[in-house]
Amino acid sequence: MDQHGRHINEPNDREDQAVAPGGIVVGVDGSEHGKCALIWAAREAERRQLPLHIVTAYSVPIFAASGLDGGYATVDDSVIREGAEAIIAQAMDKVSSYAIDVDASVENGDAAGVLLDLSADAALLVFGSRGRGGFVGRLLGSVSSALPAHAKCPTVTVPLYCADRLGENTEDKHVKAQHAKSGPRTVENVVVVGVDGSEQARVAVLDAAEQAMRIGAKLRVICAVPQYSGSLAWVPAPMDRDALFADIKVQLEAGVAWLKSHFPALTVEAELRDGSPVEVLVEASGGVELVVLGTRGRGGFAGMLLGSTSDGVLHHAKGPVLVVPDREDPRLADRPQFGPMLGAA
């Protein structure tokens, strides 16, 4: 370790973890997506005054023998390991200006499995929305889909679309075309959280409030109600959407009052939107600091968290998305005291 609290651990087989419990873990793979995740994670580590652990992972290919003797053959992993170590060294250099303690490691194993294991001891797990193929493989792609639903800690997915707000350049033609189409963007100092009346959503609201306080932002609570579809077959017809919206608005206002009781200094606003939850949250993501979701929702008219909705938001978001795993929180106990609750019987 040097005078700045930085060191690189030797490649290991996951038996000897060096990540500091409670720190922020970021997965990198040398791609532009990984670099955006790295910068976001470093800023967050500095903001929270937590250590940052940078990790990349690789697997050694195994080839089936084609000769009559059968069996399997493995390749020498020295070149693969050297490439992974170079990625780590570049990442360490990229965050050298941040006032944080940093360590890093090259892990031998599947990227999703490596990061999932590390999530058990981390305060936050950060990764790009997709990554590169090749020797480090799958950071991200399927990794970004698997981790938010199964990680033991909150996760943040950072899309390449927001490279400009992180001070990064990108040569990605798709992202460049999107920027050219949308024109100049203003990012509000706002944290958005999606709610649907589930307990998981209320846990997400608490984490969103904490993050908004941490960055000095306003919190915007959004509930989106889609148009009638097969998922609404339980609703008596004809459905009075005006009455439905009026009821939900009362419940949202009660939720805001509850939240303010725990975060009196926080500016909170609630929005009830008519439309697809995925489209509403994806649209919001491009102009705010962060979008927050719970790990799973309740289904029904406002069912919008993990499942198909969260996958849609994660894959199409234009800004960072924080997914909060389900957990017990004592602050949930007094919510009924503030009035009717979304989804309550």
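For the structure, see preceding data.
Residues numbered from 1 in each chain as written. Predicted model: local features only at pLDDT ≥ 70, side-chain atom pairs only at ≥ 80, totals over all residues. Heavy atoms only, no water.

> Describe the nonpolar core, listing the residues and the values that go with them.
Ranked by size, the top nonpolar core spans 67 residues in total, and within it Leu52, Ile54, Val126 and Leu219 carry the most contacts. When residues no more than four places from it in sequence are discounted, the contact partners of valine 126 are Ile24, Val25, Val26, Gly27, Ala37, Trp40, Ala41, Val156 and Val158. In this structure, Ala224, Val280, Val282 and Leu314 belong to the second largest nonpolar core, which totals 16 residues. (Core = buried A, V, L, I, M, F, W, Y, C linked by side-chain atoms within 4.5 Å. Buried < 20%, exposed > 50% of the residue type's maximum accessible area, 1.4 Å probe, protein only. Contact = heavy atoms within 4.5 Å.)

> Talk me through the pattern of salt bridges; I want residue IDs and the actual numbers.
According to the stated counting rule, one finds 16 salt bridges in the structure shown. In this structure, glutamate 44 engages arginine 48 in a salt bridge whose closest nitrogen and oxygen atoms are separated by 2.7 Å. On the criterion of helical spacing, the pair formed by glutamate 44 and arginine 48 is a turn pair, its members being four residues apart in helix 1 (residues 32-48). Judged by its relative accessible area of 0%, glutamate 44 is buried. Close ionic contact of glutamate 271 with arginine 273 constitutes a salt bridge, the shortest N to O distance being 3.5 Å. (Salt bridge = Lys/Arg side-chain N within 4 Å of Asp/Glu carboxyl O. Helix = DSSP H or I, 4+ residues; strand = E, 2+ residues; numbered from the N terminus.)

> Give a description of helix 6 (residues 199-215) that names residues and reports values.
A rise of 1.5 Å per residue sets the reference length of helix 6, with its 17 residues, at 24 Å; its end C-alpha atoms lie 25 Å apart and thus fit the reference within 8%. The element helix 6 is largely enclosed, with a buried count of twelve among its 17 residues. Turning to helix 6, its buried residues number three or more, namely Gln200, Ala201, Arg202, Val203, Ala204, Val205, Leu206, Asp207, Ala208, Ala209, Gln211 and Ala212. Those residues of helix 6 that are buried are in contact with helix 1, strand 9 (188-194), strand 10 (218-225), helix 7 (241-262), strand 12 (288-294) and strand 13 (321-324). Immediately beyond the C-terminal end of helix 6, within one or two residues, lies glycine 216, with a positive phi of roughly 65°. (Expected span 1.5 Å × (residues − 1).)

> So what about unusual backbone geometry? Which residues, and what values?
Of note in the backbone geometry, glutamine 49 takes a positive phi value of approximately 55° without being a glycine. Relative to the helices and strands, glutamine 49 is located in the loop between helix 1 and strand 3 (52-58). With relative accessibility at 74%, the residue glutamine 49 sits in the exposed group.

> If you had to explain the packing of helix 1 against helix 6 to someone new, which residues and values would you point to?
Contact geometry for helix 1 and helix 6: axes closest at 10 Å, N-to-C directions at 80°. Compared by their axis directions, helix 1 and helix 6 come out roughly perpendicular. Contacts between helix 1 and helix 6 involve Glu44, Arg47 and Arg48 from the former and Gln211, Arg214 and Ile215 from the latter. Split by residue class, the contact of helix 1 with helix 6 holds one nonpolar, one polar and four charged. (Axes fitted to C-alpha atoms, helices over the stretch in contact; angles between N-to-C directions. Parallel < 35°, antiparallel > 145°, perpendicular 65-115°, else oblique. Nonpolar A, V, L, I, M, F, W, Y, C, P; charged D, E, K, R; others polar.)

> Tell me about the environment of valine 102, and please be specific about residues and values.
Structurally, valine 102 can be placed in strand 6 (residues 102-108). Sequence separation of valine 102 and glycine 23 is 79 residues, and the distance between their C-alpha atoms is 9.7 Å.

> Let's hear about the side chain of histidine 53: which residues, and what values?
Considering the arrangement of structural elements, one finds histidine 53 in strand 3. Within the local environment of histidine 53, its side chain forms a polar contact with the side chain of serine 105, the two groups lying 3.1 Å apart. (Polar contact = N/O pair within 3.5 Å; in protein donor to acceptor, adjacent residues only side chain to side chain.)

Honestly, that's just the spatial picture; any functional story needs more than this.
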